[in-house]
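# Examining the three-dimensional arrangement
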Protein chains: 2
Amino acid sequence: MAGGIGSRFWPLSRTACPKQFLDILGVGRTFIQQTWDRFAKIFLPENIFIVTGEDYKELVMLQIPEIPENNILLEPLRRNTAPCIAYACYKIMASNPNANIVVSPSDHYIGDYLGFQDTILKGLDFTKNSNALLTIGITPTRPETGYGYIQVDLSNEDSLSTQTKIMKVKTFTEKPELEMAKVFLESKEFYWNSGIFIWNVKTIVLAFQQLLPDIDTMFNQGMDIYNTPEENEFINKIYPECNSISIDYGIMENHNNVYVIQAKFPWSDLGTWGSLYENSKHDKNENVIAGKNVFVKNSNGCIIRNGDSKIMVVEGLKDFIVAESDEIILIVPKADEQNIKNIVNEVKISLGDEYV
Amino acid sequence: MAGGIGSRFWPLSRTACPKQFLDILGVGRTFIQQTWDRFAKIFLPENIFIVTGEDYKELVMLQIPEIPENNILLEPLRRNTAPCIAYACYKIMASNPNANIVVSPSDHYIGDYLGFQDTILKGLDFTKNSNALLTIGITPTRPETGYGYIQVDLSNEDSLSTQTKIMKVKTFTEKPELEMAKVFLESKEFYWNSGIFIWNVKTIVLAFQQLLPDIDTMFNQGMDIYNTPEENEFINKIYPECNSISIDYGIMENHNNVYVIQAKFPWSDLGTWGSLYENSKHDKNENVIAGKNVFVKNSNGCIIRNGDSKIMVVEGLKDFIVAESDEIILIVPKADEQNIKNIVNEVKISLGDEYV
């Protein structure tokens with residue numbers, strides 16, 4: 001899934017180049033490329049599909065030249081994750097009704113390739129011949145209020161035969177308040193919802209039939225059209241008719257056979273500068289510095305990202321974000337990063353869409 | 001005098017475009033233009049001379065199109081203020097031995113045109129038929145350690161016939177330590193040395209003869225050459241032979257007939273971002289903001305200068321300098337601005353002369 005826009009990494013992320021296509025910290029690969037790298041170690045390129053917006057097709061082809069063009073699925077407009085996943089799964093169903101599928105965002109941080117691979121393979125093994133929906137759960141390490149939580153049933157835990165915990169889901173919860181998050185953390189019954197799902201195609205299609213029948217009806221009409229030259233036209237016709245609804249809200253929270261597999265890897269959705277900072281290498285002054293020609297003095301706890309064209313001199317900052325990209329310089333305390341979207345809005349009102 | 005380089009307003013000031021040619025706060029006129037404007041209200045353009053470096057001739061002609069080309073005096077290299085002033089005064093002597101002269105830096109802040117004009121005219125009246133050297137003294141308002149001080153003789157004060165105080169100088173002092181500056185301030189006997197001088201040309205030439213005879217000998221050789229096509233060649237020949245010495249150290253401190261005229265205008269040498277801040281209009285959050293497309297939140301006491309090409313978003317800064325110019329972004333606490341020259345040096349070592 002690579003269709004998101006999102007202004008939280010503005011000025012680096014823009015509508016024209018959202019986060020998944022960025023290498024914010026200059027590690028050499030963009031987020032979607034890193035995601036591709038992870039999956040390309042497990043699956044053949046012809047079995048990897050990217051769903052994205054029409055405007056991003058060129059970016060995908062540029063950044064992932066290995067992907068067959070038929071595997072780039074283009075959404076004519078954004079309709080949240082349920083239609084996006086339906087599109088991919090029904091299309092896969094049309095060519096392989098026995099497919100076993102991993103669904104993943106393209107812009108997350110995964111700290112351990114091998115642990116990731118192990119979790120994915122164990123998960124696929126679990127769903128291969130099962131009518132369960134499986135989601136990867138992250139063991140919480142702090143009372144994070146920015147993630148959804150999943151409560152699991154621990155009563156049968158001892159009966160599991162493998163070292164990898166796979167647990168029945170009791171409830172999905174929305175992002176909690178801090179007090180509630182603390183209770184979740186202490187209970188040991190809750191996992192963070194990573195948004196990475198595993199299931200076989202028959203199970204998910206059946207789930208759409210039962211829980212989102214409108215979406216099922218629409219995408220089911222395309223069974224003879226997917227993977228033909230008419231696919232695009234068909235999608236462009238039905239997509240605007242789809243409700244905009246998330247897979248969590250539309251399917252996962254209402255399905256009676258959902259399991260969590262415990263992740264064996266460090267994870268973050270990197271949805272914030274703060275989480276990007278946390279998951280990056282710090283220098284001896286606890287700064288995360290990316291880009292060339294950055295001169296930093298008496299500063300600590302900062303995340304500093306210089307573009308290609310500038311010299312940046314920073315002195316005396318503590319816990320700040322300093323980011324330069326093209327025409328824009330942002331200087332904001334890490335603690336105030338939630339204000340960035342207001343700032344983006346103000347810039348938009350003042351200067352127009354060009355800069356957002 | 002417009003030959004200075006100076007890195008204190010880096011990244012705005014560069015060797016290729018020093019402070020006097022900048023409009024740092026975007027008021028519409030550069031410092032040298034503002035200086036020109038002040039003097040052009042008092043003198044005819046043909047009586048105003050600008051001494052600058054060869055490299056800056058084009059900048060002067062571009063910024064002061066009104067000046068006759070013969071009035072732009074080009075130093076082939078920098079030799080401090082004594083040779084600079086000798087050049088101008090001997091050249092003026094050659095065409096008008098009765099000239100009465102004001103010598104002024106080109107990059108100072110003068111807060112009141114009319115008060116300035118009044119002081120200058122009274123000073124010229126004092127030196128017209130006198131063999132005194134006159135310097136404009138600024139009544140100190142704080143124990144500033146960045147300026148030189150002049151102690152005056154107040155014993156004859158009551159006998160002065162005009163409202164404008166003109167006092168005999170007792171001593172010139174270098175930049176004092178803070179404790180000494182406090183004593184100076186309290187004594188009421190001390191003025192800041194503005195570096196603006198008034199004298200008639202015969203008096204200053206005589207002073208060079210007596211106190212800097214080497215310089216006198218050299219510039220005196222040119223009496224038949226100034227204001228001819230050979231002037232440049234002559235200057236290029238003698239200038240490298242001149243000692244590099246300031247007019248204060250070489251003449252003013254050793255002359256026995258120096259007077260101070262009390263300035264009737266607010267003044268600053270604007271030698272620091274801090275003094276630039278102090279002498280600029282503050283917004284309601286005590287920020288000084290120059291340039292377009294600057295978005296400032298929760299910040300105060302800052303001086304923010306955006307270049308032409310960028311959008312700048314600043315949040316949560318207190319008492320900082322934020323300056324963007326061409327390829328360089330500077331973020332530094334106002335209190336640490338003395339570090340800028342070290343930073344410039346580091347940039348120079350790391351990236352070369354291009355950026356300094």
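Everything numeric in this text was worked out from a predicted model, so none of it was measured.

So, on to the relation of the copies chain B and chain A. The two copies are related by a screw motion: chain B maps onto chain A through a turn of 180° and a shift of 0.1 Å along the axis, at an RMSD of 0.1 Å. The operation mapping one copy onto its partner corresponds to a two-fold rotation axis. Residue by residue, 100% of the interface of chain B is reproduced at the interface of chain A, so both copies engage with the same surface.

Bringing the packing of aromatic side chains into the picture now. All names here are of chain A. For the coordinates displayed, the defined rule picks out 36 aromatic pairs over all chains. Aromatic side chains Phe184 and Phe190 sit 3.9 Å apart centroid to centroid with 10° between the ring planes, which places their arrangement in the stacked category. In this structure Phe184 comes out as buried when scored by relative accessible area, which is 8%. A residue is classified by how much of its surface remains accessible, and Phe190, at 9% relative accessible area, is buried. Among the aromatic residues, those joined into a ring-pair cluster are Tyr87, Tyr90, Phe208, Phe219, Tyr226, Phe234 and Tyr239.

Quick look at the packing of helix 6 (residues 201–211) of chain B against helix 7 (residues 213–220) of chain B now. Residues and elements named next belong to chain B. Where helix 6 meets helix 7, the closest approach of the two axes is 5 Å, and the angle between their N-to-C directions is 125°. By the angle class used here, helix 6 and helix 7 are oblique. Contacts between helix 6 and helix 7 involve Val205, Phe208, Gln209, Gln210 and Leu211 from the first element and Pro213, Ile215 and Asp216 from the second. Taken together, the residues of the contact of helix 6 with helix 7 break down into five nonpolar, two polar and one charged.

On the secondary structure map, Thr30 of chain B appears in the segment before helix 1 (31–40). Residues in contact with Thr30 of chain B, not counting those within four places in the same chain, are Gln20, Phe21, Leu22, Asp23 and Gln63 of chain B.

With that settled, the discussion passes to unusual backbone geometry. The step from Trp10 of chain A to Pro11 of chain A runs through a cis peptide bond, and the omega angle for that step is 10°. Relative to the assigned elements, Pro11 of chain A resides in the segment before helix 1 (31–40). One non-glycine residue, Asn80 of chain B, lies in positive phi territory at about 65°. Structurally, Asn80 of chain B is set in the loop between strand 2 (72–75) and helix 3 (81–95). With relative accessibility at 39%, the residue Asn80 of chain B sits in the partly exposed group. The phi dihedral of Lys188 of chain B is positive, around 65°, even though this residue is not glycine. Considering the arrangement of structural elements, one finds Lys188 of chain B in the loop between helix 5 (178–187) and strand 8 (190–200).

As a further point, take the confidence of the model for chain A. For chain A, per-residue confidence averages 93 on the pLDDT scale, and residues scoring 70 or more make up 98% of the total. For this predicted complex, the interface confidence comes out at an ipTM of 0.77, alongside a pTM of 0.81.

The next thing to look at is the interface of chain B and chain A. Contacts between the two partners involve 33 residues from chain B and, on the opposite side, 33 residues from chain A. Here chain B meets chain A over a buried area of about 2,700 Å², counting both sides, of which 64% is carbon and sulfur. The interface formed by chain B and chain A includes two salt bridges. One salt bridge connects Lys297 of chain A with Glu346 of chain B, and the closest N-O pair in it is separated by 2.4 Å. Inspection of the region where chain B meets chain A yields 16 residue pairs in polar contact (both at pLDDT 80 or more). Counting only elements with at least two residues in the side of chain B that touches chain A, the list comes to strand 12 (294–297), strand 14 (311–315), strand 15 (320–325), strand 16 (328–333) and helix 11 (340–351) of chain B. In terms of residue count, strand 16 of chain B provides more of the side of chain B that touches chain A than any other element does, six residues in total. Partitioned by chemical class, the residues of the side of chain B that touches chain A number 19 nonpolar, six polar and eight charged.

Tracing the backbone through its elements, the reader meets Lys284 of chain B in the loop between helix 10 (273–278) and strand 11 (288–290). Counting along the chain gives 16 residues from Lys284 of chain B to Asn300 of chain B, while the straight-line C-alpha distance between them is 8.8 Å.

Reading the values: the criteria
- Residue positions are given per chain, counted from 1 along the sequence in the order it is written.
- Throughout, the order in which chains and ligands are written sets their labels, letters from A for the former and numbers from 1 for the latter.
- For this predicted model, a pLDDT threshold of at least 70 governs which residues receive local features, and a threshold of 80 or more governs which side-chain atom pairs are given and counted, while totals over whole chains, interfaces and linings are taken from all residues.
- The side-chain values count all of the structure's non-hydrogen atoms but skip hydrogen atoms and water molecules.
- The copies are overlaid by a least-squares fit using only the C-alpha atoms of residues whose pLDDT is at least 70 in both copies.
- Whether two residues touch is decided by their heavy atoms; if any such pair falls within 4.5 Å, the residues are in contact.
- Side-chain rings of Phe, Tyr and Trp (the six-membered ring for Trp) are treated as a pair once their centres are within 6.5 Å; stacked means planes under 30 degrees apart, edge-to-face means over 60, and tilted covers the remaining angles.
- Between buried and exposed lies partly exposed: a residue is buried under 20% and exposed over 50% of the maximum accessible area for its type, with that area taken using a 1.4 Å probe on protein chains only.
- For helices, the fitted axis covers only the stretch in contact; all axes are lines through C-alpha atoms, and the angles between them, taken along N-to-C directions, range from 0 to 180 degrees.
- Helix and strand definitions follow DSSP, with helices as H or I runs of at least four residues and strands as E runs of at least two, each counted in order from the N terminus.
- Oblique is the label for any angle not under 35 degrees, not over 145, and not in the 65 to 115 range, which are roughly parallel, roughly antiparallel and roughly perpendicular in turn.
- Residues are grouped as follows: Ala, Val, Leu, Ile, Met, Phe, Trp, Tyr, Cys and Pro are nonpolar; Asp, Glu, Lys and Arg are charged; all remaining types, including Gly, are polar.
- pLDDT is a per-residue confidence score from the predictor, ranging from 0 to 100.
- A quick way to say it: buried area is the sum, across both parts, of accessible area lost when two parts are put together, with a 1.4 Å probe.
- When a carboxyl oxygen of Asp or Glu is within 4 Å of a side-chain nitrogen of Lys or Arg, the pair counts as a salt bridge.
- Polar contacts, as counted here, are pairs of nitrogen or oxygen atoms within 3.5 Å of one another; within protein the pair requires one atom able to donate a hydrogen and one able to accept it, and residues that are adjacent in sequence qualify only if both atoms are side-chain atoms.

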